[in-house]
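Chain by chain, the residues run as shown.
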Amino acid sequence: MRDWFKKSINIVSSLVLTLILLGVPLEATANAAANKGLANASPVAQSILSVEIKEASISELQREMQRGRLTSEQLVEFYLERIATYDDQLNSFIWINENAIAEARELDKQRRGGKANGALHGIPVILKDNYDTYDMPTTAGALALKDSIPLKDAYQTKRLREEGAIILGKANLHEFAFGFQTISSLGGQSYNPYDLTRFPGGSSGGTAAAVAANLVTVGLGTDTGGSIRIPSSFNSLVGIRPTMGLASRDGIIPLALTQDVGGPMARTVEDAAVVLDVIAGYDPNDPVTEASIGNIPRTYTHYLKKNGLKNAKIGVVPALFGNNAQINKVMEQAIADMEAQGAEVFEVAIPNLNQILAYPSLSGYEFKFQLNDYLESLGPDAPMKSLSDIIDSGLYDPSLRSALITRNNRESLEDDPTYQEIITTRPKLTRESLISVFDEYELDAIVYPTSNALPAVVGGGQGAGNANRLSPYSGFPAISVPAGFSDNGLPIGMEMLGQEFDEPTLIKLAYSYQEATKHRKAPGLY
């Protein structure tokens, strides 16, 4: 099924077309797609650039395009060949944009005419396949929605296009964003590029694997409990979960809108900041974003300061470290590295921590009602009208059946006293408990491991601990940044939690740490 959707329709046609246009014989095309990888990439990747496309940042790629050394068309071609060569191992893409080459050519034409739309002009981006795209299906990984093409782009998708980005394709995810393993009935199982026997994390695991393996420049994920930060940690990436209300969720298939946000997943803090500039802002279709008015800087890139840790005050929470000796060793080194950069580090205890972390995610409550609203917004031609239709179709991963039925059996939220108690008490308790620690120590950030478990072997379960709940339960922003590797080469991430709309401070701290440690490494096979 996956080959039918992804390879035979999109990649083969796009790759053959692009290589013909480059004058590469079909025999070479077949060889490259089969086993030669970058050896047969467009010559631009091997000669005239001052940077390699692999691991290049957005600003580096833009500089090459502005100098005429690289075109967006060549950049798309480069990624399409890598997808054809490597993604059978990773299974990160569900859809490839069959118009990507044509869009790149048009953007190149605009650039030659002296017009560039913005910081992402000509830059290929991957979207988790729960972001609406008017020109590709949006499925949440479910076979039941394989023919569901939205009437319009999600707000964040629209903003990316307005800024000149090319939506290269849509990423696999844990179906309906339910878990950390990234397996779906439409996309299959995705794999970690650092170890192909292991999970990439989730639920934004396809985005993470594609960005980490240099199949695309940058991506977007969504995060309800940890779905941006955990796969970022597992793939040596930077992932930002924004403040609730900073970026619109309009046009994103919901899991639990009380907790849902969308945000960037990138190889560097710099790239994440560039994307955050684009997606942040008020959208009337998502009323919570009204809170962002007056709380967005001119550009988050202003806070990319190498000395950002100097005189910073960091609170480390030992209670969130877990029992993995290798993760704890990496965190101990991270603390020493932050201190070496001039930060003052405190061990802190968060009041009411056990009570906060004992609360459940609201996806078990809100999903049915908000998914049904989303399906209704697709119009009369939508293939599915309700969660009941999806269950009746049987077109979903069998492992979800019990969870889907349980959620569908909920009759009301207004009449559910447990739900009402959670939405009333949980955010207040979490925010007040965190603010008391920020205030007591005058902290710039609270720090802990993004996950207290390493990527697990596919076939078993995948845990991650519960530290990831502090951000969604409070609405405060968090960033995961690469902190090192385990003894067997598995990435480990460190999470920094900030106060409401204090993304600038998190970016400053994370960038300073990144530049001092340079932990990000590309997967060895890619």
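Residues numbered from 1 in each chain as written. Predicted model: local features only at pLDDT ≥ 70, side-chain atom pairs only at ≥ 80, totals over all residues. Heavy atoms only, no water.

## Quick word on the overall build of the chain
Here is the rule we go by: Secondary structure counts use DSSP, requiring at least four H or I residues in a row for a helix and at least two E residues in a row for a strand, with both numbered from the N terminus. Atoms considered for the radius of gyration are the C-alpha atoms alone. The globule rule reads 2.2 Å times the number of residues to the power 0.38. Burial status follows relative accessibility: with a 1.4 Å probe on protein chains alone, a residue under 20% of its type maximum counts as buried, one over 50% as exposed, and anything between as partly exposed. Only the protein chains shown count as cover for residues, with accessible areas throughout obtained via the Shrake-Rupley method and a probe of 1.4 Å.
Per the secondary structure count, the chain includes 17 helices and 13 strands. In terms of C-alpha radius of gyration, the chain reaches 22 Å, essentially the compact-globule figure of 24 Å for 526 residues. The dimensions of the chain, computed from C-alpha atoms along their principal axes, are 65 × 55 × 45 Å. Classification of the 526 residues of the chain by burial places 62% in the buried group. A total accessible area of about 18800 Å² is found for the chain, and carbon and sulfur atoms account for 49% of it.

## A look at the pattern of salt bridges
The cut-off we apply is this: Within this document, salt bridges are pairs made up of a side-chain nitrogen of Lys or Arg and a carboxyl oxygen of Asp or Glu, the two lying within 4 Å of each other.
Under the defined criterion, the tally for this structure stands at 21 salt bridges. Arg-198 is paired through a salt bridge with Asp-195; the nearest N and O atoms lie 2.8 Å apart. You can call Arg-198 buried: its relative accessible area is 17%. Through salt bridges that share partners, Asp-223, Arg-229, Arg-241 and Glu-495 make up one connected network.

## With respect to the environment of Val-216
Going by this rule: Only heavy atoms matter for contacts: two residues are in contact if any of them lie within 4.5 Å across the pair.
Secondary-structure assignment places Val-216 in the loop between helix H7 (205-212) and strand E6 (218-223). You can call Val-216 buried: its relative accessible area is 0%. Dropping the residues within four chain positions of it, Val-216 is found in contact with Tyr-79, Pro-124, Val-125, Ile-126, Leu-168, Ala-210, Val-211 and Arg-267.

## Notes on the layout of surface pockets
Applicable threshold: Put simply, the grid is 1 Å and covers the protein atoms alone, a cavity is a trapped set of points that fit a 1.4 Å probe, a pocket is an open set with protein on both sides within 12 Å along at least five of seven lines, and lining residues have an atom within 4 Å of a point. Grid points are joined across faces, edges and corners, and a volume is the space filled by probe spheres set on the points.
By volume, the largest pocket amounts to about 380 Å³. Along the walls of the largest pocket sit 17 residues, with Asp-250, Gly-251, Ile-252, Tyr-374 and Ser-377 positioned nearest its centre.

## Regarding the pairing of strand E9 (residues 313-316)
Rules: Strands pair, by our definition, only if DSSP identifies at least two bridges between them. The crossover handedness rule: strands pointing away from the viewer, path from first strand over the helix to second strand clockwise, crossover right-handed.
Two elements, E9 and strand E10 (residues 344-347), share 4 bridges in a ladder whose sense is parallel. The partner of Lys-313 across the bridge, within E10, is Glu-344. Remark: the E9/helix H10 (residues 325-340)/E10 crossover connection has right-handed handedness. Across 3 bridges, the pairing between E9 and strand E11 (residues 445-449) is parallel.

## What about the confidence of the model for the chain?
Test applied: For every residue, the predictor assigns a confidence score, pLDDT, that lies between 0 and 100.
Across the chain, pLDDT averages 92, with 90% of residues at or above 70. Every residue in residues 1-43 scores below 50 in pLDDT, and together they form 79 contacts with partners more than four places removed in sequence or on other chains.

## With respect to helix H4 (residues 72-90)
Every α-helical turn comprises 3.6 residues, leaving residues that sit three or four positions apart pointing alike. Going by this rule: Each residue is assigned a bend, namely the angle between axes fitted to the seven residues that terminate at it and the seven residues that start at it.
A maximum bend of about 45 degrees is found in H4 at Ala-84. The element H4 is extensively covered by neighbouring structure, given that 16 of its 19 residues are classed as buried.

## Details of the packing of H4 against helix H5 (residues 100-112)
Note the cut-off: Here the axes come from fitting lines to C-alpha atoms, over the contacting stretch only for helices, and the angles between their N-to-C directions go from 0 to 180 degrees. Here the angle decides the label: under 35 degrees means roughly parallel, over 145 means roughly antiparallel, 65 to 115 means roughly perpendicular, and every other value means oblique. Side-chain classes are defined by residue name, with Ala, Val, Leu, Ile, Met, Phe, Trp, Tyr, Cys and Pro counting as nonpolar, Asp, Glu, Lys and Arg as charged, and the others, Gly among them, as polar.
Remark: H4 packs on H5, axes separated minimally by 7 Å, with the N-to-C direction vectors making an angle of 155 degrees. By the angle class used here, H4 and H5 are roughly antiparallel. The segment H4 lies against H5, with Ser-72, Glu-73, Val-76, Glu-77 and Leu-80 engaging Ala-100, Ile-101, Ala-104, Arg-105 and Asp-108. Here the residues of the contact of H4 with H5 are counted per class, giving 5 nonpolar, 1 polar and 4 charged.

## A word on the sheet that holds E10
Backbone hydrogen bonds hold the strands of a sheet together, and the pairing may be parallel or antiparallel. Taken in spatial order, the 11 strands make up an open sheet running E1-E3-E2-E6-E8-E7-E12-E13-E11-E9-E10, and their pairing is mixed. Of all the strands in the sheet, just strand E1 (93-96) and E10 have a single pairing partner and so form its edges. The sheet shows a mean angle of 30 degrees between the axes of neighbouring strands, taken without regard to direction. In this structure, strand E2 (residues 124-128) lies alongside strand E3 (residues 166-171), joined through 5 bridges in parallel fashion.

## Some remarks on empty space enclosed by the protein
This model, assessed by the stated rule, comprises 3 cavities of 30 Å³ or more. Taken as a whole, the largest cavity spans an internal volume of roughly 70 Å³. Asn-130, Thr-222, Thr-224, Ile-253 and Asp-260 are the residues nearest the centre of the largest cavity, which is lined by 14 residues in total. Looking at the lining of the largest cavity residue by residue, the classes come out as 6 nonpolar, 5 polar and 3 charged. In this structure, the second largest cavity spans a volume of roughly 40 Å³. Within the residue set of the lining of the second largest cavity, elements represented by two or more residues are strand E12 (478-485) and helix H17 (503-517). Grouping the constituent residues of the lining of the second largest cavity by class yields 2 nonpolar, 3 polar and 2 charged.

## Quick notes on the environment of Gln-189
Basically, it comes down to this: For the purposes of these results, a polar contact is taken to be a pair of N or O atoms within 3.5 Å, where, inside protein, one atom must be able to donate a hydrogen and its partner to accept one; residues adjacent in sequence count only when each atom of the pair is a side-chain atom.
Along the polypeptide, Gln-189 turns up in strand E5 (residues 188-189). The exposure class of Gln-189 is buried, given its relative accessible area of 11%. Here the side chain of Gln-189 touches Gln-181 through a polar contact of 3.0 Å, landing on its backbone oxygen. One polar contact links the side chain of Gln-189 to the main-chain carbonyl oxygen of Thr-182, over a distance of 3.2 Å.

## Structural notes on the side chain of Asn-192
Of note, Asn-192 is situated in the loop between E5 and H7. In this structure Asn-192 comes out as buried when scored by relative accessible area, which is 0%. Looking at Asn-192, its side chain comes within polar contact range of the main-chain nitrogen of Tyr-194, at 2.8 Å. If sequence neighbours within four positions are ignored, Asn-192 has contacts with Leu-90, Arg-198, Phe-199, Pro-200, Phe-234, Asn-235 and Pro-455.

## Considerations on unusual backbone geometry
Across the junction of Gly-202 and Ser-203, the peptide omega takes the value 10 degrees, indicating a cis bond. Of note, Ala-177 is a non-glycine position whose phi angle comes to about 65 degrees, a positive value. Examined against the element boundaries, Ala-177 turns out to sit in the loop between E3 and strand E4 (183-184). In the Ramachandran plot, Phe-501 falls in the positive-phi region, its phi being about 60 degrees despite a non-glycine side chain. By the element assignment, Phe-501 lies in the loop between strand E13 (491-497) and H17.

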